[in-house]
Each structure stands twice: as structure tokens, then as C-alpha cells.
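Analysis of the macromolecular model
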Amino acid sequence: MSFTVFLFSILIFITNPIWVCGNAELGALMNIKASLDPEGLYLSSWAVNGDPCDGSFDGVACNGLGRVANISLQGKGLSGKLSPAIAGLTHLTGLYLHYNTLYGEIPKEISNLRNLTDLYLNVNNLSGQIPPSIGNMANLQVLQLCYNQLTGSVPTQLGSLKKLTVLALQSNHLTGAIPASLGDVEMLMRLDLSFNHLFGSIPIKLADAPLLEVLDIRNNSLSGSVPLALKKLNEGFGYENNLGLCGSGFAALNPCNSSDHVNPNRPEPFGTGSAGLPTRDIPETANVKLPCGETGCSNVSRSHQASFVVGTVAVSIALLAIGILSFTQYRRRKQRLATSLEVAEGRLSTDHQAKGMVRKNGSPLISLEYSNGWDPLADGKNMSAFAQEVFHSFRFNLDEVEAATHYFSEVNLLGKSNFSATYKGILRDGSLVAIKGIGKSCCKSEDAEFLKGLNMLTSLRHENLVKLRGFCCSRGRGECFLIYDFVPNGNLLQYLDVKDGDGEVLEWSTRVSIVKGIAKGVAFLHAFKPNKPALVHQNISAEKVLIDQRFNPLLSNSGLHKLLTNDVVFSALKASAAMGYLAPEYTTTGRFTEKSDVYAFGVLVLQILSGKRKVSNSIRVGAESGRFQDFIDLNLQGRFFEYEASKLAKIALLCTHESPIERPSMESVVQELSTCSSCLSL
């Protein structure tokens with residue numbers, strides 16, 4: 001019997017390799033969970049009997065093969081360690097664990113993730129050295145290890161990462177020289193080594209990186225001549241607070257003496273006599289190979305033993321200095337974070353504070369999110385030059401989105417639905433925005449259709465529609481983000497069913513103004529204009545009407561259904577039908593038309609008049625018979641104009657007529673409302 005079971009097990013293993021691998025990945029995830037979240041406070045959705053690929057595992061996304069491809073747990077409050085079991089997720093392409101309080105060392109096993117493109121471990125309490133084996137991760141494009149407590153030197157092996165675009169190591173306790181091998185990284189766009197304890201000179205080879213836009217080496221102990229070629233970076237080159245640096249053509253530097261010139265083939269630790277600083281030997285991590293035909297090679301050979309002793313003493317002194325400075329550095333770490341990013345913690349609450357939030361320069365991830373993978377705008381072959389220019393002006397990048405939302409902090413979460421999550425955020429210019437994140441699985445699968453939907457959204461500009469600032473399609477996160485202007489006074493729903501002292505009662509003139517504004521917004525959607533086809537909203541409701549600081553109504557989610565799959569759009573109908581917004585003909589035709597939007601608008605008018613979320617039959621009867629006490633909000637205490645109330649009731653009844661043919665167009669509704677003067681309350 002046992003032999004039969006054994007054979008059956010072998011058969012399962014052979015015929016179901018994905019099942020076996022799936023269980024291996026599940027085991028790895030359970031190990032990672034135990035290490036990242038030892039108290040079990042944040043990853044309760046990761047269940048040992050669950051399926052990581054069915055959407056139930058918070059922050060986990062899978063690829064088309066059913067393998068874990070993305071872990072996004074930034075800003076989750078995790079306070080454990082990163083387990084070596086991470087190496088078991090061999091199909092992982094994105095690992096986002098930044099903005100937590102993880103501690104311990106970066107496991108060297110992480111280098112087994114050969115498919116990984118994005119590694120975000122920044123803003124934690126990680127310690128120890130950067131594993132040199134990371135240099136074997138050939139597909140790595142972004143390496144973010146900044147704002148930790150990492151020690152040791154910058155591994156020269158990182159120069160083997162030919163696809164690396166961003167290397168951010170700032171605000172750690174790193175020592176040693178800048179590896180010249182980083183100049184071999186042809187795709188490198190941003191290199192940030194600031195606020196460390198690096199010494200030596202700047203390798204001339206680093207200036208040869210063809211795509212380098214930002215080099216930040218501020219607040220180190222670097223010395224020697226600055227390569228003149230770095231002047232091409234303009235404001236992208238930050239070098240302040242390195243007392244030993246000198247160079248011509250840089251405003252903040254003194255000209256170099258003849259003894260300050262740098263050997264172009266190696267990073268000098270200190271130029272002789274530079275600023276009176278002692279001479280140190282090059283640390284092993286610089287990985288320098290001197291050509292013996294050049295002057296000075298024999299001197300290095302003859303003084304090898306002496307150099308070793310001097311180097312040992314220098315390292316000992318450096319370690320002692322680090323020990324003395326560590327406590328001070330730790331206490332100042334968060335202050336540096338706020339200074340460097342120019343984003344103070346907790347400043348997402350008021351407009352006054354928001355004015356102080358400004359960021360310098362461009363994001364380190366510019367163009368990166370669109371380098372490969374999911375990018376409906378990748379080639380632009382099917383777009384006109386005008387369309388390409390428009391789309392370029394609307395495109396944000398993931399770094400900007402993360403910074404704006406404070407790494408998707410729960411504090412800034414405005415709301416969630418079954419297909420999206422919306423966060424409050426602040427852009428670099430200090431303006432408040434609402435950022436709606438939509439999972440790739442909820443978006444249209446065909447790039448052409450998705451692109452068409454985005455084009456639709458960018459064409460919508462009206463005073464009564466929420467303004468779309470831009471969008472970001474993140475390959476690593478598998479999400480598309482829509483960035484809208486933030487509307488401060490909530491939605492219309494919160495002004496309905498107001499009890500005594502339980503909310504704000506809208507005055508009559510405000511209600512009339514809101515009705516007019518909604519009508520204008522819907523009429524604009526329905527109208528055909530140059531560069532904007534006629535559009536049916538499909539999901540008009542009190543929740544979709546936002547109220548700005550002047551109590552003007554702004555219709556949200558306009559055109560959003562053009563981005564979403566049919567099943568996601570249809571799932572939103574349940575709530576719409578429950579609230580009475582769904583036109584009766586939809587049950588027989590299954591189609592949305594302009595007249596179905598008109599029906600929903602009519603329901604909104606009755607809600608605004610009555611102050612009720614649910615439009616009962618008695619409210620309709622009262623509107624038909626002209627009995628104001630039955631359909632006008634009692635909270636108004638009689639402060640309304642009967643003429644206006646009668647006209648609005650008549651419009652609402654016409655718009656909600658059972659027959660779509662009998663309903664007016666929104667254009668005619670706007671014309672009719674123009675004769676309804678907005679008078680002040682009595």
C-alpha cells in the first residue's frame with residue numbers, strides 16, 4: 001500500500017510541476033511573513049492554506065504562469081527582518097519593502113533573484129554590508145538602499161549591473177572609495193552617494209557614463225580634483241561639503257594645485273598635500289589595477305607592506321570615527337530625510353503645511369517605469385505627433401506618485417473599492433491631488449484599447465469635471481495611477497440625510513447651483529467637440545459628485561469605464577442599481593446611453609431637493625402633486641423659492657420618465673435651468 005502511495009506521489013510530482021513549485025513559493029512566503037512581520041500584525045492575509053495568486057495575499061501579484069512576480073509592502077509598518085527565503089521566489093521582478101522599520105542585514109541569498117528588476121529597501125533600519133553578490137543580478141534596473149544604517153564600502157561588483165538605471169545609497173554609514181567600475185554602467189542615470197563617509201577622489205571614469213544625469217556626492221570626505229567632464233551634469237551634480245575637493249569650472253571649489261591632479265585610471269584616496277589631509281592607501285573595494293608601465297607602479301610594489309599597515313591604521317581610525325558619529329548620525333537621520341527629499345513627515349493634512357512641500361529636480365525614475373513590460377505608450381507608433389506631445393505632458397513616474405502619497409501611507413487613504421484605491425497626496429509644486437490606483441488586471445488587456453481610454457480621459461476639460469493631472473503606468477507594481485486635482489469638501493452623499501448637528505445643511509441657493517453645475521458637466525460629456533467624442537458617464541451618483549471649496553460640483557470618474565474591463569464596469573452597477581440610479585431600460589437592453597445618464601441626473605435632482613439618499617415613492621408623488629412638504633428637505637425650514645422648487649421638480653420628473661424617448665437631452669436641461677435664477681435664501 002505504501003509503495004502505491006509512493007508511486008502516486010511521484011506521478012503527481014511529474015505531471016504537476018507548477019503545483020509543486022506553487023507550494024514551494026507558498027512555503028517561501030510563509031517564511032518571509034514570519035520574518036518580516038513577527039508579531040503577525042500586518043500580513044494576516046498571507047495564509048498557509050491560501051493561494052498567493054488569487055488576490056488574497058496583500059501586496060502579492062503573480063505573472064501569467066501563476067508564479068509570484070511582485071511584492072509591494074512599502075509603508076506597511078513592518079518591523080522584522082528580510083528572510084533568506086526570499087531566494088525561493090525565483091520569478092520575482094519587483095520587491096518593494098521601503099518605508100518600513102526593517103532591521104538586520106540584507107541576505108546574500110537575495111542575489112539568486114536573477115529576474116529582479118526593482119529592489120526597494122530604502123528608508124528602513126537595515127545594517128551590515130551591501131552584499132557584493134548583488135552584482136550578479138543582471139536584470140536589476142533600480143537599486144534603492146538609501147536611508148538605512150549600512151556600513152562597509154560600495155562593492156565594485158555593482159559595476160557589473162549593465163541594466164542599472166538608478167543606484168541610491170545616500171544617508172548610510174558607507175566608507176571607502178567610489179568604485180571606478182560604476183563608470184562601466186552604461187544605463188546609469190542617477191547615482192546618489194551623499195551623506196556617507198566615503199573618501200578618496202572621484203574616478204574620472206565615472207564621468208564617462210553616457211546617460212548619467214544626477215551624481216550626488218555631498219557630505220562625504222572626498223578629495224582631489226573634480227573631473228571637468230562632470231560639469232555637463234549642471235545642477236544634477238551635487239558635491240558640497242567635501243572639504244578636500246578642488247577643481248576649475250565649479251563655482252564652490254578652489255582651483256587645484258599641481259599636486260592635486262588625479263590619476264585617470266584610479267580613484268585617489270587623497271591628493272598629496274590636499275587641504276592638509278593625510279595620505280591613505282586605496283581600500284581593497286576600489287578594485288584598482290595599476291598598469292605597471294606607468295610612473296608610480298614600482299613605488300606601490302616596494303611599499304606594499306608599509307601601505308598595508310597604514311591602511312589598517314586608517315581603517316581602524318575610520319571605524320572609531322564611525323562609532324563616535326553613529327549615535328549622532330542616527331538621531332539626525334530622519335531630519336536629513338526630510339531635508340533631502342524636502343518633504344516633511346505628516347504634512348499631508350493642511351493646505352498651509354502643503355506649501356512647504358517642494359522637491360528638487362526630476363525624479364530618479366524618469367522614463368524608467370516605461371522601459372519595458374506593461375507600457376501601453378511604449379512605441380507611440382500609432383499616435384500622432386500631437387498625441388505624443390499631449391501624452392508626454394500627462395505622464396508621471398512612480399517615484400513622484402510614491403513621494404506624493406508618502407509611499408501609499410494608510411493615513412492618506414481616501415477610499416477603496418473592489419478595483420481601486422484612492423490616496424490623498426501632494427505634488428512637488430505643493431498642490432494637493434487625489435491619486436487613484438487601478439490594478440492591471442482591472443484594466444483593458446489590449447494596449448490599443450487602454451491607450452484609447454487614456455486619450456479619452458486627457459481630452460476631458462470642464463469646470464464641472466474633476467481635472468485629470470496625469471497618469472503613471474507602473475510595470476513593477478502592475479498598476480496604473482490616475483492623478484486628479486484634490487477636491488476638499490467631500491462628495492454630495494455626505495450632505496444627504498443630515499440630522500440635527502450631524503452635518504452641514506446646504507442652503508437653497510447652493511442646491512440650485514449644484515444642480516446647474518452637474519447638468520453642465522454631464523452635457524459637456526454628451527457633446528461632440530473637436531478632439532473629444534461624445535461620452536456616456538454610465539455611473540452618475542451622489543458619491544461621484546465632489547464638492548470644492550466654493551461648493552461647486554465636480555463630476556468624478558468621467559470616462560473611467562473606458563480603461564476598465566467589462567466585468568469591473570458591470571460590478572459597479574450593483575451599487576448604482578441599489579441607489580436607484582439605473583435606468584429601467586437597462587434591464588432589457590443591457591446598454592448605457594445618454595438617456596440613461598439623464599435618468600441618473602434626475603434622481604440626483606430629487607435627492608438634492610429632498611435631502612435624502614433614498615428617493616422614496618412619496619417623494620416622487622409629492623413632486624408630481626406640488627406638495628412641497630413632501631419633497632423639499634425639512635432642514636431648509638421653508639427657506640426656498642417655490643417657483644424654483646417647482647421647476648426643478650418638473651425637470652427631475654421628466655428626466656426620470658420610464659420611457660427614454662420622453663426624457664430631455666442634457667443640453668435642453670441646461671437651457672431650461674438657465675432661466676432658474678439662483679436667489680439668496682430668505
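The rules behind the values
- Residues numbered from 1 in each chain as written.
- Predicted model: local features only at pLDDT ≥ 70, side-chain atom pairs only at ≥ 80, totals over all residues.
- Heavy atoms only, no water.
- Core = buried A, V, L, I, M, F, W, Y, C linked by side-chain atoms within 4.5 Å.
- Buried < 20%, exposed > 50% of the residue type's maximum accessible area, 1.4 Å probe, protein only.
- Helix = DSSP H or I, 4+ residues; strand = E, 2+ residues; numbered from the N terminus.
- Contact = heavy atoms within 4.5 Å.
- Phe/Tyr/Trp six-rings, centres within 6.5 Å; stacked < 30°, edge-to-face > 60°.
- Lys NZ or Arg CZ within 6 Å of the ring centre and 35° of its normal.
- Disulfide = S-S within 2.5 Å.
- Axes fitted to C-alpha atoms, helices over the stretch in contact; angles between N-to-C directions.
- Parallel < 35°, antiparallel > 145°, perpendicular 65-115°, else oblique.
- Nonpolar A, V, L, I, M, F, W, Y, C, P; charged D, E, K, R; others polar.
- Arc of directions from axis to C-beta.
- Salt bridge = Lys/Arg side-chain N within 4 Å of Asp/Glu carboxyl O.

Counting 66 residues, the largest nonpolar core has Ile86 and Phe237 as its most contacted members. If you list the elements that add at least two residues to this core, you get α2 (17–36) and β2 (68–72). Contacts of Ile86, omitting those with residues within four sequence positions, involve Ile32, Ile71, Leu92, Leu95, Ile110 and Leu113. Counting 53 residues, the second-largest nonpolar core is a separate cluster that includes Tyr581, Val605, Leu609 and Met666.

What follows covers the packing of aromatic side chains. All told, the structure shown has 12 aromatic pairs when counted by the stated rule. Ring centres of Phe628 and Phe631 lie 5.7 Å apart, and the angle between their planes is 40°; this geometry places the pair in the tilted category. Of the two residues, Phe628 and Phe631 are both situated in helix α15 (residues 628–631); the distance of three residues between them amounts to about one turn of the helix. Both residues of the pair, Phe628 and Phe631, belong to the buried class. The structure contains a cluster of three or more aromatic residues connected by ring pairs, namely Trp508, Phe628, Phe631 and Phe640. Stacked on the ring of Phe524, the Lys or Arg Lys532 has its end atom at 5.0 Å from the ring centre.

With that out of the way, let us pick up the state of the cysteines. On inspection of all chains with the given rule, the structure shows two disulfides. The partner cysteine of Cys53 in its disulfide is Cys62, sulfur to sulfur 2.0 Å. An S-S torsion of about -85° defines the bridge between Cys53 and Cys62 as left-handed. One disulfide in the model links Cys246 with Cys256; its S-S distance is 2.0 Å. Because the sign of the S-S torsion sets the handedness, a value of about 105° for the bond joining Cys246 and Cys256 places this disulfide among the right-handed ones. With Cys246 in strand β15 (residues 244–246) and Cys256 in the loop between β15 and α3 (297–302), the pair connects residues that are 10 residues apart, well separated along the chain. Across the protein chain, the disulfide pattern expressed with sequentially numbered bonded cysteines is 1-2, 3-4.

Attention now goes to the packing of helix α16 (residues 642–655) against helix α17 (residues 666–673). Direction vectors running N to C along α16 and α17 enclose 175°, while the axes themselves pass 11 Å from each other. If you check the angle between α16 and α17, you find them roughly antiparallel. Across the interface between the two elements, Lys647, Leu648, Ile651 and Cys655 from α16 touch Val669, Glu672 and Leu673 from α17. For the contact of α16 with α17, a count of residues per class yields five nonpolar, no polar and two charged.

A word on helix α14 (residues 617–625). Three or more residues of α14 are buried, namely Ile619, Gly622 and Ala623. All buried residues of α14 lie within an arc of 100° about the axis, which places them on one face of the element. Structural note: α14 exposes Asn617 and Glu624 on the side pointing more than 90 degrees away from its buried face. As for α14, its buried residues are in contact with α13 (594–610), α15 and α16. Just downstream of α14, Gly626 is the residue with a positive phi angle, here 80°.

To continue, consider the pattern of salt bridges. Per the stated rule, a full pass over the model turns up 11 salt bridges. The partner of Asp485 in a salt bridge is Arg469, and the shortest N-O contact between them spans 2.7 Å. Placement of the pair is Asp485 in strand β20 (residues 479–485) and Arg469 in strand β19 (residues 468–474), with a sequence separation of 16 residues. Residue class for Asp485 comes out partly exposed when judged on its relative accessible area of 23%. Classification of Arg469 as partly exposed rests on a relative accessible area of 23%. Several salt bridges share partner residues, and in doing so they unite Asp58, Lys76 and Glu410 into one network.

Let us now look at unusual backbone geometry. A positive phi is found at Val123, a non-glycine position, where the angle reads about 55°. Mapped onto the secondary structure, Val123 falls in the loop between β5 (118–120) and β6 (125–129). Unusually for a residue other than glycine, Tyr147 sits at a positive phi of about 55°. Relative to the helices and strands, Tyr147 resides in the loop between β7 (142–144) and β8 (149–151).

Note that every value here comes from positions in space, so none of it alone points to a role or purpose.
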